[in-house]
Amino acid sequence: MTIIVPTDFSENSRFAADYACQIAVEKGHNLHLLHCYTSSSVGDTKGESVDNPLLLADQKILELQTQLVKTYPQLHISIECSRSLIIDKLTELSQSGKYALIVMGASGASQSKPVYWGSTTVAVASKSEVPVVVIPNHQHTFDINHAALLTNFKSEELDTLKEFQDIVGIPNQLTLIHVFKESQKSENVNDDLDSWVYNIREMGSIADVQTIAEPINKDDIELDTVPEVVSKIISEVDPQIILITPSRKTFFERLFKSSVSKAIALELSKPAFFDKI
């Protein structure tokens, strides 16, 4: 299987490339580096065009390939520069049946401009027919000893967990995270969680399944929305990766967007595995 890594040659996209290489080494996958030309990656040399094989991006992707092969000599790494729009190209590749996973950074070259997250990364995660792993904008060592799964007790969550195990690996520990309304009784929520733990253990791969459930607190301005409570739980539980089912993608978009009423922006702090559509 092959992992696609889109790159704009920024530090953030390099973090994603390193993480993808670690997955590929661990699981025996190949890597495909992809760049879609932009005005800045074409170069400023007079007379250059996207038909010129010596564009700045072509040179940079060769350099990146060389650097990664030097660090990960056991990997087969292919490269591609495309004139397509990045979202269209990744959607097309995800439909080809040749690729298992997309690994990309949470934002591109400029963190102050949400070019990748808020547009590209959200769009790719929403359209891709293979899972997408989003890497926060700093270095991460690949480790899936402890994974967290956001749960609303939907059957698709079991599909996401199986997909993650098939492509990325089997975590030793899984924490189920559920946030509920204040009007719900905690004992009923705990009963649902216990049933869900039983279903996951019946899959036969993960024995250590923990649960955590907390209500939205309307009296606390820092914990009166689902994203805020989840962000707090993730900080406390400290998993190595978070698993998100297709139905929860829209929720996770809100972790990256400013709250107009509070002027805050909740940030992704851990790698996140978004299951395919």
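Predicted model only: the values in this text are computed from it and were never measured.

Undergrad: I tried to follow the packing of aromatic side chains on my own but got confused; where do I start?
TA: Aromatic rings considered in pairs are described by the distance between their centres and by the relative angle of their planes. Inspection of the entire model under this criterion finds 3 aromatic pairs. Aromatic side chains Tyr19 and Phe142 sit 5.6 Å apart centroid to centroid with 85 degrees between the ring planes, which places their arrangement in the edge-to-face category. Here Phe142 lies in the loop between strand E5 (132-135) and strand E6 (146-150) and Tyr19 lies in helix H1 (residues 11-27), a separation of 123 residues in the sequence. Per residue, the accessibility class of Tyr19 equals that of Phe142, and both read buried.

Undergrad: Honestly, the pattern of salt bridges in this entry has me stumped. Any pointers?
TA: Two side chains that carry opposite charge are able to pair once their charged atoms sit near each other. Counted under the stated rule, the structure contains 8 salt bridges. Each member of the salt-bridge network shares a partner with another, and the members are Glu80, Lys89 and Glu92.

Undergrad: Got a minute to help me understand the environment of Lys162 in this structure?
TA: You can see Lys162 is positioned in helix H6 (residues 156-167). With a relative accessible area of 47%, Lys162 lands in the partly exposed category. Placed 43 residues apart in sequence, Lys162 and Ser205 show a C-alpha to C-alpha distance of 9.4 Å.

Rules behind the numbers
Residues numbered from 1 in each chain as written. Predicted model: local features only at pLDDT ≥ 70, side-chain atom pairs only at ≥ 80, totals over all residues. Heavy atoms only, no water. Phe/Tyr/Trp six-rings, centres within 6.5 Å; stacked < 30°, edge-to-face > 60°. Helix = DSSP H or I, 4+ residues; strand = E, 2+ residues; numbered from the N terminus. Buried < 20%, exposed > 50% of the residue type's maximum accessible area, 1.4 Å probe, protein only. Salt bridge = Lys/Arg side-chain N within 4 Å of Asp/Glu carboxyl O.

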